[in-house]
Amino acid sequence: MFLFSALIKYSETSLLIDEEFQIDKDVPIIVTGEFNVDVKRNEKAFGFMKKHFDLNMVPTNSPSTLGNSYFDTAFTRNITPELRNYVCYSSYHRSILLRIVTYPRTI
């Protein structure tokens, strides 16, 4: 519920609540975490993120656990980070890191 309430102001779903609400579709959004669903085997589970918030799943080729599952993932809109795994030698789980490349503005 927290995720939905935090992102509702960036979604067209908010227009169902208040028709005069101004949606900022240009704001970059990153949602990342361990979703406890193997995204390589169950990509349809994340249709909610695309449908309601126009968030796309960041592609990954490296599993996030030693059991070759993909529980960690990131969803983005208007930003394209690089997804990397953090190697931890004391855990079954490999957390993900997002690398965001920014370029200086030219005026």
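Residues numbered from 1 in each chain as written. Predicted model: local features only at pLDDT ≥ 70, side-chain atom pairs only at ≥ 80, totals over all residues. Heavy atoms only, no water.

Draft legend 1. Molecular detail of the overall build of the protein chain. Broken down by element type, the protein chain carries two helices and five strands. Going residue by residue from the N terminus, the α and β elements of the protein chain occur as α-β-α-β-β-β-β. The buried share among the 107 residues of the protein chain stands at 28%. Long-range pairs, those at least 24 residues apart, make up 48% of the contacts in the protein chain with a sequence separation of at least 6. Carbon and sulfur atoms provide 53% of the accessible area of the protein chain, an area that totals close to 7,900 Å². (Helix = DSSP H or I, 4+ residues; strand = E, 2+ residues; numbered from the N terminus. Buried < 20%, exposed > 50% of the residue type's maximum accessible area, 1.4 Å probe, protein only. Contact = heavy atoms within 4.5 Å. Areas by Shrake-Rupley, 256 points an atom, 1.4 Å probe, with all protein chains shown as cover.)

Draft legend 2. Structural view of the packing of aromatic side chains. Per the stated rule, a full pass over the model turns up two aromatic pairs. Summarising the aromatic geometry, the rings of Phe35 and Phe75 are spaced 5.4 Å apart at their centres and angled 90° between planes, so their arrangement reads as edge-to-face. With a gap of 40 residues between them, Phe35 in the loop between strand 1 (29-34) and helix 2 (47-53) and Phe75 in strand 3 (residues 72-77) connect regions that are remote in the sequence. Taking the centre distance of 5.7 Å and the plane angle of 75° together, the rings of Phe48 and Phe53 count as edge-to-face. The exposure class of Phe48 is partly exposed, given its relative accessible area of 38%. For Phe53, a relative accessible area of 3% puts it in the buried group. (Phe/Tyr/Trp six-rings, centres within 6.5 Å; stacked < 30°, edge-to-face > 60°.)

Any functional reading would require information beyond the geometric quantities listed.
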